[in-house]
Number of protein chains: 2
Amino acid sequence: MPTTRLDPIDRKILAELQADGRMTNVELAKRVGISAPPCLRRVRTLEEAGFIKGYHADVDARELGFEVQVYAMVGLQSQAESDLSAFEDLCRKWSLVRECNMLNGEVDFILKCVAPDLSTFQSFLTGQLLTARNVASVKTSLVIRSAKDDPGVPFDVLEERLNRSA
Amino acid sequence: MPTTRLDPIDRKILAELQADGRMTNVELAKRVGISAPPCLRRVRTLEEAGFIKGYHADVDARELGFEVQVYAMVGLQSQAESDLSAFEDLCRKWSLVRECNMLNGEVDFILKCVAPDLSTFQSFLTGQLLTARNVASVKTSLVIRSAKDDPGVPFDVLEERLNRSA
DNA sequence: CCTGAAATGAAAGGCCA
DNA sequence: TGGCCTTTCATTTCAGG
């Protein structure tokens, strides 16, 4: 249902802007095969409908001095909804925490964190995360190296899927 | 050392473009307090120096029909460098795998995957990931809900750090 | 390395098909 | 809807401090 309102041109626009979010509208229009004004109208519509949530420059964390990336698996004592969302609120305030996802299974949350160095991360860990209300356990794993870090969604999978149902 | 060549205006540019990658150059120039031409030159320099790796529209995966997000923890049989990079090459080819990071500790890799539905993910899991050469174990965790998903790095931490060393 | 001005080219809106 | 035309505004180059 959700993608029913998107035609192939809309999907191409999303794929192109996911790959290069700073492309000019005339370049985008050329690539998707329509002229510029209707292309811009489609982009605005996609933005307003929430298909496009924003645009972001992808900055090089390492080159900026963030040498450390860590995944933290967090278990809580209480999984009552108010306790879950209290923990989520904390995560939103911690700027070293870039992503916070609630999981099924043994662990309650996985956090992706970045820090300039290990000692900055360690003091966050011991001073903030481990001592936060309701936190029962934290297991951390350092990222040794990153092999792939692609933004967003795979549009090729989406097209395959639509072809099968057509 | 890496950030030594960036002055406060460069850092502001990076922070602004991370927050809104489609901002016009005149708007950006106004925000960082210089006129448009030098601002554009700085952006180009930051791009060429690799501080900015690209620009991406942030598309709403759920609204596009990707209902499922999964973390997969992968253990390999052999951790020889050639086997590690062979596995990384596979991950780069699998479009459901959006991120692949090598970790320290018990597990060798953490993969972040998206899929339209559970059965698509399951068939990837059993047909591709579990049967790939050298894969010893895979533990998967479904994302129940996402509380935070911020792009890039926390510039407030960077500024704090520079203030302390000054 | 910046500002300011001038020319090219893109964005945004009106209007017709 | 998409395409065309017009106005407005951004981008880019160049002269000069």
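Residues numbered from 1 in each chain as written. Chains lettered and ligands numbered in written order. Predicted model: local features only at pLDDT ≥ 70, side-chain atom pairs only at ≥ 80, totals over all residues. Heavy atoms only, no water.

The name an unreviewed UniProt entry gives chain A is Leucine-responsive regulatory protein, with Thalassovita gelatinovora as the organism.

Even after reading the chapter, I still don't get the overall build of chain A, so can you show me in this structure?
Looking only at helices and strands, one finds 6 helices and 5 strands in chain A. Element order for chain A, N to C, with α for helix and β for strand: α-α-α-β-β-α-β-β-α-β-α. Taking all 166 residues of chain A together, the buried fraction comes to 49%. Sequence-distant contacts in chain A: of pairs separated by 6 or more residues, those separated by 24 or more amount to 62%. Surface summary for chain A: the accessible area is close to 8000 Å², and the carbon and sulfur share equals 52%. Seen as two clouds, the 21 positive and the 24 negative side-chain charges of chain A have centres 4 Å apart. (Helix = DSSP H or I, 4+ residues; strand = E, 2+ residues; numbered from the N terminus. Buried < 20%, exposed > 50% of the residue type's maximum accessible area, 1.4 Å probe, protein only. Contact = heavy atoms within 4.5 Å. Areas by Shrake-Rupley, 256 points an atom, 1.4 Å probe, with all protein chains shown as cover. Lys, Arg positive; Asp, Glu negative; His and termini not counted. Charge placed at Lys NZ, Arg CZ, Asp CG, Glu CD.)

Explanation requested: the packing of aromatic side chains in the structure shown.
Geometry of an aromatic ring pair is reported as the spacing of the ring centres plus the angle between the planes. In total, this model carries 9 aromatic pairs over all chains according to the counting rule given. For the ring pair Trp94(B) and Phe124(B), a centre distance of 5.3 Å and an interplane angle of 80° mean the geometry is edge-to-face. One end of the pair, Trp94(B), is in the loop between helix H4 (81-93) and strand S3 (97-103); the other, Phe124(B), is in helix H5 (residues 118-129), with 30 residues separating them in the sequence. Considered together, Trp94(B) and Phe124(B) belong to a single accessibility category, that of buried residues. An aromatic cluster is present here, built from Phe87(A), Trp94(A), Phe109(A), Phe121(A) and Phe124(A) joined pairwise through their rings. Lying over the aromatic face of Tyr55(A), Arg22(B) brings its terminal NZ or CZ to 5.3 Å of the ring centre. (Phe/Tyr/Trp six-rings, centres within 6.5 Å; stacked < 30°, edge-to-face > 60°. Lys NZ or Arg CZ within 6 Å of the ring centre and 35° of its normal.)

Before we go on, may I ask you to explain the interface of chain B and chain A in this structure?
A common measure of how large an interface is: the accessible area buried when the components associate. Taken together, the contacts link 77 residues of chain B with 76 residues of chain A. The contact between chain B and chain A buries some 7200 Å² in all, and 52% of this surface belongs to carbon and sulfur atoms. There are 59 residue pairs in polar contact (both at pLDDT 80 or more) connecting chain B and chain A. Breaking the side of chain B that touches chain A down by element, the ones donating at least two residues are helix H1 (8-19), strand S1 (52-59), strand S2 (68-76), H4, S3, strand S4 (109-115), strand S5 (135-149) and helix H6 (155-164) of chain B. Of the residues assigned to the side of chain B that touches chain A, the class counts are 38 nonpolar, 16 polar and 23 charged. Sheet analysis places strand S5 (residues 135-149) of chain A next to S3(B), joined by 5 bridges and oriented antiparallel. Within the sheet, the bridge partner assigned to Ser146(A) lies in S3(B) and is Asn101(B). (Buried area = accessible area lost by both parts, 1.4 Å probe. Polar contact = N/O pair within 3.5 Å; in protein donor to acceptor, adjacent residues only side chain to side chain. Nonpolar A, V, L, I, M, F, W, Y, C, P; charged D, E, K, R; others polar. Pairing = 2+ DSSP bridges.)

How should I be thinking about the packing of helix H2 (residues 25-32) of chain A against helix H3 (residues 36-48) of chain A in this particular structure?
The description of two helices packed together rests on the angle between their axes and the distance between the axes. Residue and element names in this part refer to chain A. Relative to each other, H2 and H3 sit at 100°, their axes nearing to 9 Å. What the angle tells us is that H2 and H3 run roughly perpendicular. Only Ala 36, Cys 39, Leu 40 and Val 43 of H3 make contact with H2, whose side of the interface consists of Asn 25, Val 26, Leu 28, Ala 29 and Val 32. (Axes fitted to C-alpha atoms, helices over the stretch in contact; angles between N-to-C directions. Parallel < 35°, antiparallel > 145°, perpendicular 65-115°, else oblique.)

How do you make sense of the UniProt feature "domain: HTH asnC-type" (unreviewed entry) in chain A when you look at a structure like this?
Mapped onto the present numbering, the UniProt feature "domain: HTH asnC-type" (unreviewed entry) falls at residues 6-67 of chain A. Here residues 6-67 of chain A runs as 53% helix and 13% strand, with 41 Å between its end C-alpha atoms. (UniProt positions renumbered as here; feature names shortened; annotations may be inferred.)

When you look at the protein's contact with DNA strand D in this model, what are you seeing that I'm missing?
If you check the shell around DNA strand D, you find Ile34(A), Ser35(A), Pro37(A), Pro38(A), Arg41(A), Arg42(A), Thr24(B), Asn25(B), Val26(B), Pro37(B), Leu40(B) and Arg44(B) and nothing else. Atoms of DNA strand D within 4 Å of the protein belong to the sugar or the phosphate in 68% of instances, the rest to bases. Interatomic distance of 3.0 Å between a backbone N/O atom of Ser35(A) and a phosphate oxygen of DNA strand D. Between Val26(B) and DNA strand D, the recorded distance is 3.0 Å, taken from a backbone N or O atom to a phosphate oxygen. When residues of the surface near DNA strand D are traced back to their parent elements, those giving at least two are H3 of chain A together with helix H2 (25-32) and helix H3 (36-48) of chain B. At 4 residues, H3(A) tops the list of elements feeding residues into the surface near DNA strand D. (Near = heavy atom within 4 Å.)

In this structure, what is going on with the protein's contact with DNA strand C? I would like to understand it.
Neighbouring DNA strand C are the residues Thr24(A), Asn25(A), Val26(A), Pro37(A), Leu40(A), Arg44(A), Ile34(B), Ser35(B), Pro37(B), Pro38(B), Arg41(B) and Arg42(B). Counting only the atoms of DNA strand C that lie within 4 Å of the protein, the sugar and phosphate share comes to 80%. At 3.0 Å, a backbone N or O of Val26(A) approaches a phosphate oxygen of DNA strand C. When contributions to the surface near DNA strand C are tallied by element, the ones reaching two or more residues are H2 and H3 of chain A together with H3 of chain B. Among the elements that line the surface near DNA strand C, the one with the most residues is H3(B), at 4 residues. The class makeup of the residues in the surface near DNA strand C is 6 nonpolar, 3 polar and 3 charged.

Is there a simple way to think about the relation of the copies chain B and chain A in this case?
Here the second copy of the chain follows from the first by a rotation about an axis and a shift along it. Taken as rigid bodies, chain B and chain A are interconverted by a rotation of 180° and an axial shift of 0.0 Å, the fit giving an RMSD of 0.1 Å. Viewed as a symmetry operation, the transformation between the two copies matches a two-fold axis. Comparing contact sets, 99% of the residues at the interface of chain B also lie at the interface in chain A, consistent with an isologous, same-surface contact. (Least-squares fit on C-alpha atoms with pLDDT ≥ 70 in both.)

Can you help me understand the pairing of S3(B) in this one?
Residues in a regular strand project their side chains so that they alternate between the two faces of the sheet. Residue and element names in this part refer to chain B. Here S3 lies mainly inside the structure; 7 of its 7 residues are buried. Pairing of S3 with S4, which is carried by 5 bridges, proceeds in the antiparallel orientation. Each residue of the ladder has a partner; that of Val 97, found in S4, is Cys 113. The hairpin turn running from S3 into S4, its antiparallel successor, is 5 residues long, and Gly 105 in that turn takes a positive phi close to 90°.

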